[in-house]
Amino acid sequence: MEGTNPVNKKLAAALSGGAVLVLALTGCSSDDGNDKLDSWAKQVCDGVQPQAKKIEAANAAIQKQTSDNSTPEEVQKTDAKAFQDMSDAYKAMGSTVQKAGAPDVEDGEKKQKDAVAELNGLSSSYASLRKQVEALDTDDQAKFADGLKDIAAELDKLSKSGSDALKTLEEGEVGQAMARQPSCKSATASATAS
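Computed from a prediction, not measured in an experiment: that's the story for all the values here.

**Observations regarding the overall build of the protein chain**
Part 1 of the reasoning: For the protein chain, the count of helices and strands is eight helices and zero strands.
Part 2 of the reasoning: Start at the N end of the protein chain and walk to the C end: the helices and strands fall as α-α-α-α-α-α-α-α.
Part 3 of the reasoning: Here the protein chain holds 194 residues, and 48% of them are scored as buried.
Part 4 of the reasoning: In the protein chain, 86% of the contacts between residues at least 6 apart in sequence involve partners at least 24 apart.
Part 5 of the reasoning: Counting every atom, the protein chain has about 9,300 Å² of accessible surface; 52% of that belongs to carbon and sulfur.

What follows is the structure, encoded as structure tokens:
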């Protein structure tokens, strides 16, 4: 069963890049708070944190599977569940940002719309990865490994392209307001740790 392992490790490496993106929350804090913005940031941070934990757990499941000598069936099952969890988590984050409304900053509405679209896009991408992994042939070790390679390449692309709108949303005052929220601080800390 050694055959899937190198590919699986690639998959895990590609994955861990993706999850941290969402939590690239700025670490700098400033004391001159803006109440409106602070309450927006609290709503977003409180909503995002449990989802960030879900993504982290999905990552951990895939990484654990890569360190075991798992059968293709086990890898398929774990990866499919992890991708579905990630898809759900990004969708929930999109809803959180949508519900919070536009942050009280210049271009806030555009930044919010872009971030929601990006999170929903990530959700769709992970859902289609789930379908892809479920369609792999677990009876044919070589074919299965090739299929995982393609999925790892997709993940790699996702982790590189995934978060421009989120970064834009978290610039400047918004980032500072988020950095003041305990729930964002703990989300950032755990993301950096992984």
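**Some words on helix 3 (residues 72-100)**
Part 1 of the reasoning: Taking 1.5 Å per residue as the helical rise, helix 3 with its 29 residues ought to reach 42 Å, and the 42 Å between its terminal C-alpha atoms agrees with that figure.
Part 2 of the reasoning: Trailing helix 3 by a residue or two, Gly101 shows a phi angle of about 80°, which is positive.

**Things to note about the state of the cysteines**
Part 1 of the reasoning: All chains considered together, the criterion is met by one disulfide.
Part 2 of the reasoning: Each sulfur of the disulfide joining Cys45 and Cys184 lies 1.8 Å from the other. One quick way to see it: the torsion about the S-S bond of Cys45 and Cys184 is about -90°, and its sign makes the bridge left-handed. Remark: Cys184 occurs in helix 8 (residues 182-193) and Cys45 occurs in helix 2 (residues 35-67); sequence separation between them is 139 residues.
Part 3 of the reasoning: Since its relative accessible area comes to 1%, Cys45 is described here as buried.
Part 4 of the reasoning: Of the residues examined, Cys184 reaches a relative accessible area of 4% and is grouped as buried.

**Focus on the confidence of the model for the protein chain**
Part 1 of the reasoning: Per-residue pLDDT for the protein chain has a mean of 81; in total, 76% of the residues score no lower than 70.
Part 2 of the reasoning: Confidence drops under pLDDT 50 across residues 17-31; counting only partners more than four residues distant or on other chains, this segment forms 40 contacts.
Part 3 of the reasoning: Low pLDDT (under 50) marks residues 190-194, which in the prediction has five contacts with non-local residues, meaning those over four places away or in another chain.

**Examining the packing of aromatic side chains**
Part 1 of the reasoning: Considering all chains together, one arrives at two aromatic pairs under this definition.
Part 2 of the reasoning: Between Phe83 and Tyr126 the ring centres are 6.3 Å apart and the planes differ by 35°, which places this aromatic pair in the tilted class. Here Tyr126 lies in helix 4 (residues 108-134) and Phe83 lies in helix 3, a separation of 43 residues in the sequence.
Part 3 of the reasoning: Accessibility expressed as a relative area gives 0% for Phe83, which makes it buried.
Part 4 of the reasoning: Ring geometry for Tyr90 against Tyr126: centres 5.4 Å apart, planes inclined by 10°, an arrangement best described as stacked. Placement of Tyr90 in helix 3 and of Tyr126 in helix 4 is noted, with a sequence separation of 36 residues between them. The residues Tyr90 and Tyr126 share a single accessibility class, namely buried.
Part 5 of the reasoning: An aromatic cluster is defined as three or more aromatic residues linked by ring pairs; in this entry it consists of Phe83, Tyr90 and Tyr126.

Criteria and thresholds
Residues numbered from 1 in each chain as written. Predicted model: local features only at pLDDT ≥ 70, side-chain atom pairs only at ≥ 80, totals over all residues. Heavy atoms only, no water. Helix = DSSP H or I, 4+ residues; strand = E, 2+ residues; numbered from the N terminus. Buried < 20%, exposed > 50% of the residue type's maximum accessible area, 1.4 Å probe, protein only. Contact = heavy atoms within 4.5 Å. Areas by Shrake-Rupley, 256 points an atom, 1.4 Å probe, with all protein chains shown as cover. Expected span 1.5 Å × (residues − 1). Disulfide = S-S within 2.5 Å. pLDDT = per-residue confidence, 0-100. Phe/Tyr/Trp six-rings, centres within 6.5 Å; stacked < 30°, edge-to-face > 60°.

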